[in-house]
Amino acid sequence: MRTHIKRYIDPVPKYRYFVAPSGNNSNDGRSPREAWLTMQYAADTMPANCNAVVLPGTYAETPITFSHDNQRFFAQGPASITGRLNISGDYNILNGFKITAPADYVAIQTTGDGNLIENNDISNTLEDGFNLFGSNNIIRRNYIHDLTTDVDAHSDFFYTSGPLSNFIFERNLCVSLETTGIRQICMIESPGGVVDSLTIRNNIFVMAIPGDSRMSIHRHVETGEQVISNITIVNNTFYHVAAVWQDMGRECVWVGDITTLVAKNNLIVNYGDSTHGYYLSHGTTSADVDYNCVYKITGSDPMGGPFAHDVWMIDPEVVSLASRDFHLQTTSPCKNVGATGLGALADYDGVVRDATPDIGAYEFV
Ligand SMILES: [Ca+2]
Ligand SMILES: [Ca+2]
């Protein structure tokens, strides 16, 4: 039987462009030899639904504005961007970069919709990691750390002033070991527009600042701010590294005048004291806070005591707090005692959670 032999045609190159420190923007960008030089040129030039393969090296451009839609940028090997990124387009992907913005107060700002920012290493800005606006953006599996040494900066891993909606922040490792200045996990307020449907799940937050190590979510009604609603904070691990009670975090989740909060299945270590609960609220409508594990290595119980299903002030038996390995040991009291139906389907490692979810960022397997 005769076989008709089709010529093999690689479907990939048609959709693939290259950027390299040795490139030139007058090239066609279609091969490593013909790579473009700059990220900005690629963002301005690459057709929609194409991938930019960004070759190793340093891209010293700031700001870089991604104003087009449906572009995908993948670092291939160690590719560093030393500038601020403004993502105003929609449905773009930015994956695998080391990003610093030493001359700007934020590394990445989103104003577009549906963007995925994944697997990046973000550090060394003048203040924040992300400034977030828009809808349907996802921030996943980034390492956000060592943001600033400026003690006057109000440093947050992520900040919004609204509008922001249908936002997911998941499986990120966020580390702030600075012990001076003002440092929070996030600041969410709404002078610029409505904030609705934010999901913060399966993240690890490591903080060291005495006091302000919290998530701060506040609608300032007195200044006419917009509604903040439907905030979901589930299956995160919060660890304050302090060794003595005076240096520990105060409240972990601090909310004001928001509508509908779910804060469950979080593992919270070294937060709260005799005058600060791990959860602090004023004016909040419909708060569902429970099924958290709250533990301190020393010092007084957090103010207010436990909610009905909290695992309260017993060692969560993670592999090692000192080495910040928050996987659960087989005997952990956090196993199989979390609330169900929260949508945190895969854990920090991407392991699918079983029918009886564990507390914290990791499901025991
Ligand atoms: Ca800030
Ligand atoms: Ca389980």
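This structure is a prediction, so every number in the text was calculated from the model and none was measured. (Residues numbered from 1 in each chain as written. Chains lettered and ligands numbered in written order. Predicted model: local features only at pLDDT ≥ 70, side-chain atom pairs only at ≥ 80, totals over all residues.)

Chemist: Quick question: what am I supposed to make of the overall build of the chain here?
Modeler: A tally of helices and strands in the chain yields one helix and 34 strands. On C-alpha atoms alone, the chain measures out to a radius of gyration of 22 Å, which is about the 21 Å that the 2.2 N^0.38 rule sets for 365 residues. C-alpha extents for the chain along the principal axes are approximately 75 × 60 × 35 Å. Relative to its full complement of 365 residues, the chain shows a buried share of 47%. When contacts within the chain are restricted to residue pairs at least 6 apart in sequence, long-range pairs at least 24 apart make up 56% of them. (Helix = DSSP H or I, 4+ residues; strand = E, 2+ residues; numbered from the N terminus. Rg over C-alpha atoms; globule rule 2.2 N^0.38 Å. Buried ≥ 20, exposed ≤ 12 C-beta atoms within 10 Å, placed from the backbone. Contact = placed C-beta atoms within 7 Å.)

Chemist: So what exactly am I meant to see when it comes to the sheet that holds strand E22 (residues 204-207) here?
Modeler: Two strands in a sheet stick together by hydrogen bonds in their backbones, pointing the same way (parallel) or opposite ways (antiparallel). Read across the open sheet, the 11 strands follow the order E3-E6-E9-E12-E16-E19-E22-E25-E28-E31-E32; overall the sheet is parallel. Looking at which strands have only one partner, the edges of the open sheet turn out to be strand E3 (57-59) and strand E32 (311-312). (Pairing = 2+ DSSP bridges.)

Chemist: Please explain the pairing of strand E24 (residues 228-234) as it appears in this structure.
Modeler: The two faces of a sheet get side chains in turn, since along a regular strand they alternate between them. When strand E21 (residues 195-201) meets E24, the two strands line up parallel, connected through six bridges. Bridging from a neighbouring strand, Leu198 pairs with Ile231 of E24. Pairing of E24 with strand E27 (residues 259-264), which is carried by five bridges, proceeds in the parallel orientation. Opposite Ile233, over in E27, you have Ala263 as the bridge partner.

Chemist: Help me understand the domain arrangement of the chain in this model?
Modeler: You'll often see interface size given as the accessible area lost when the parts meet. The domains assigned to the chain are domain 1 (11-126) and domain 2 (149-365). In this structure, domain 1 and domain 2 have C-alpha centres spaced 31 Å apart. (Domains from an automatic or database assignment.)

Chemist: Honestly, the sheet that holds strand E17 (residues 154-160) in this entry has me stumped. Any pointers?
Modeler: Across the sheet, which stays open at both edges, the nine strands sit in the order E4-E7-E10-E13-E17-E20-E23-E26-E29 with parallel pairing between neighbours. The sheet is open, and its two borders are formed by strand E4 (64-66) and strand E29 (279-282), each paired with just one other strand. Direction aside, neighbouring strands of the sheet carry axes that sit 15° apart on average. Bridge count between strand E7 (residues 85-87) and strand E10 (residues 106-110): three bridges; the pairing is parallel. Note on E10: the bridge partner recorded for Leu85 is Ile108. (Axes fitted to C-alpha atoms, helices over the stretch in contact; angles between N-to-C directions.)

Chemist: How should I be thinking about the pairing of strand E5 (residues 71-75) in this particular structure?
Modeler: Side chains of E5 alternate between two faces, with Gln71, Phe73 and Ala75 buried and Arg72 and Phe74 left unburied. In this structure, strand E2 (residues 50-54) lies alongside E5, joined through five bridges in parallel fashion. When the sheet's bridge partners are listed, Ala52 is paired in E5 with Phe73. Two elements, E5 and strand E8 (residues 93-95), share three bridges in a ladder whose sense is parallel. In the sheet register, Arg72 faces E8, and the bridge partner there is Ile93.

Chemist: Help me understand unusual backbone geometry in this model?
Modeler: Trans is the common state for peptide bonds, and a negative phi is the common state for residues other than glycine. Residue Pro63 is bonded to the preceding Thr62 through a cis peptide linkage, with omega at -10°. Along the polypeptide, Pro63 turns up in the loop between E3 and E4. Note the cis peptide between Gly162 and Pro163, where omega equals 0°. Tracing the backbone through its elements, the reader meets Pro163 in the loop between E17 and strand E18 (164-170). With a phi close to 65°, Asn119 is a non-glycine residue in the positive phi region. Looking at where Asn119 falls in the secondary structure, it is placed in the loop between strand E11 (116-118) and strand E12 (121-125). Even without a glycine there, the phi angle at Arg324 is positive, about 60°.

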